[in-house]
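Residue strings, one per chain:
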Amino acid sequence: MKNPFSLEGKIALVTGASYGIGFAIATGYAKAGATIVFNDIKQELVDKGLAAYREEGVAAHGYVCDVTDEAAVNDLITTIEKDVGVIDILVNNAGIIKRIPMIDMTAEQFRQVIDVDLNAPFIVSKAVIPSMIKMGHGKIINICSMMSELGRETVSAYAAAKGGLKMLTRNICSEYGQFNIQCNGLGPGYIATPQTAPLREKQADGSKHPFDSFILAKTPANRWGESEDLVGPAVFLASEASDFVNGHILYVDGGILAYIGKQP
Ligand code: NAP
Ligand code: GCO
């Protein structure tokens, strides 16, 4: 029986994947047999990413592209199709967060987060779907969040974007499932990456950051996630093993969404 989790012969584009969650997912895809393509917003990051992939034995293809720029994204997809081949798997991973109380956040700051975290997945998905339709298959995985389901102080723009990304995921499923395109979300819990580093910084007296203790109390696994915790679920959603899974948000959160939290 063919391994249903194999990605042999597939081309995967992971956006914003020079490091962090995107890098871990792309590396896992390479180990499952896929050819890896990634982009980042700066050449120096792409170069660092290429070196990091080489250290993992992965001969990745890296491109500079701001995912919020539709013309640049369309050029990127055309270039990838010429240089590497048609994209079978898209992971909309690139993302930013601004932690600012809503009434102190400017409309421009709000728009910047929506632009990267919601508009860009629309732009990149729109650019790859026509070729997926021609191929007769495709996988789109949107990196959602606990904030696709929950709010918290200071992350209004991010939660609005990630909530919208959940529904964009379901709508791509609804509109393109008939072409054998599966679009699902992957919802990480709290993962130790540069994006959450400010929430884990040791205090001046050497004690844990209060948010660090808070997340441990909210997580049955009693630990922060690692990017590697996401690789298996991401391979599943990119593989033939999930061909009848569509419009689903797969939360990889150590149990946070199921748990009221440890009594202080
Ligand atoms: P990260 O460490 O901040 O990495 C984000 C990546 O996206 C960086 O490489 C960044 O490049 C890139 N990026 C940002 N804006 C871009 C743009 N306009 N065009 C192209 N690339 C861009 O974040 P992460 O923790 O790995 O998170 C990756 C994804 O997972 C994000 O969508 C995030 O919202 C989501 N997520 C994270 C967690 C967590 O706990 N870490 C949990 C749930 C969901 P630059 O360095 O140049 O900005
Ligand atoms: C925050 C964190 C979260 C995580 C992630 C949780 O400030 O609350 O950054 O938003 O990044 O999205 O799933």
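Scroll up for the structure.
Residues numbered from 1 in each chain as written. Chains lettered and ligands numbered in written order. Predicted model: local features only at pLDDT ≥ 70, side-chain atom pairs only at ≥ 80, totals over all residues. Heavy atoms only, no water.

Points about the overall build of the chain
Looking only at helices and strands, the chain features seven helices and seven strands. Mapped in sequence order, the helices and strands of the chain form the string β-α-β-α-β-α-β-α-β-α-β-α-α-β. For the chain, the C-alpha radius of gyration of 18 Å lies close to 18 Å, the compact-globule estimate for 264 residues. Principal-axis analysis of the C-alpha atoms gives the chain an extent of 55 × 45 × 40 Å. Here the chain holds 264 residues, and 50% of them are scored as buried. Partitioning the contacts of the chain with sequence separation of at least 6, the portion at a separation of at least 24 is 73%. When the accessible area of the chain is evaluated, it comes to approximately 12,300 Å², of which 56% is carbon and sulfur surface. A gap of 4 Å separates the mean positions of the 23 positive and 29 negative side-chain charges of the chain. (Helix = DSSP H or I, 4+ residues; strand = E, 2+ residues; numbered from the N terminus. Rg over C-alpha atoms; globule rule 2.2 N^0.38 Å. Buried < 20%, exposed > 50% of the residue type's maximum accessible area, 1.4 Å probe, protein only. Contact = heavy atoms within 4.5 Å. Areas by Shrake-Rupley, 256 points an atom, 1.4 Å probe, with all protein chains shown as cover. Lys, Arg positive; Asp, Glu negative; His and termini not counted. Charge placed at Lys NZ, Arg CZ, Asp CG, Glu CD.)

Considerations on the site of ligand 2
Among the 14 residues in the neighbourhood of ligand 2, the closest are listed as Arg99, Ser145, Arg152, Tyr158 and Tyr190. Between an oxygen atom of ligand 2 and a side-chain N or O atom of Arg99, the distance comes to 2.6 Å. Measuring from an oxygen atom of ligand 2, one finds a side-chain N or O atom of Tyr158 at 2.7 Å. A total of 330 Å² of accessible area belongs to ligand 2 in isolation, and the protein chains cover 96% of it. Grouping the constituent residues of the shell around ligand 2 by class yields eight nonpolar, four polar and two charged. (Near = heavy atom within 4 Å. Polar contact = N/O pair within 3.5 Å; in protein donor to acceptor, adjacent residues only side chain to side chain. Nonpolar A, V, L, I, M, F, W, Y, C, P; charged D, E, K, R; others polar.)

Regarding the pattern of salt bridges
Counting across every chain of the model gives nine salt bridges. Linking Lys82 and Asp83 is a salt bridge whose minimum nitrogen-to-oxygen distance equals 3.3 Å. The exposure class of Lys82 is exposed, given its relative accessible area of 65%. The salt bridge involving Lys139 is made with Asp243; its shortest N-O contact spans 2.7 Å. Linking Lys139 in strand E5 (residues 138-143) with Asp243 in the loop between helix H7 (231-238) and strand E7 (249-252), this pair joins segments that are 104 residues apart in sequence. Its relative accessible area of 6% is what places Lys139 among the buried residues. A relative accessible area of 34% places Asp243 in the partly exposed class. (Salt bridge = Lys/Arg side-chain N within 4 Å of Asp/Glu carboxyl O.)

Here we look at the nonpolar core
Core analysis: the biggest nonpolar cluster contains 33 residues, and Tyr29, Ile36, Tyr53, Ile141 and Leu186 have the highest contact counts within it. Elements supplying a minimum of two residues to this core: strand E1 (11-15), helix H1 (20-31), strand E2 (35-40), helix H2 (43-55), strand E4 (89-92), E5 and H7. With seven residues, H1 is the single largest residue contributor to this core. In contact with Leu186, other than residues within four places in its own chain, are Ile25, Ile141, Asn142, Ile143, Cys144, Leu230, Pro233, Ala234, Leu237, Leu250 and Val252. Ranked by size, the runner-up nonpolar core spans 31 residues in total, among them Ile123, Met132, Leu168 and Ile172. (Core = buried A, V, L, I, M, F, W, Y, C linked by side-chain atoms within 4.5 Å.)

Remarks on the site of ligand 1
Contacts to ligand 1 come from 29 residues, most closely from Tyr19, Asp40, Asn93, Tyr158 and Thr193. The contact in question runs from an oxygen atom of ligand 1 to an N or O atom on the side chain of Asp40, over 2.7 Å. Contact distances for ligand 1 include 3.1 Å between a nitrogen atom and a backbone N or O atom of Val67. Considered on its own, ligand 1 offers 900 Å² of accessible surface; in the complex 92% of this is hidden by protein.

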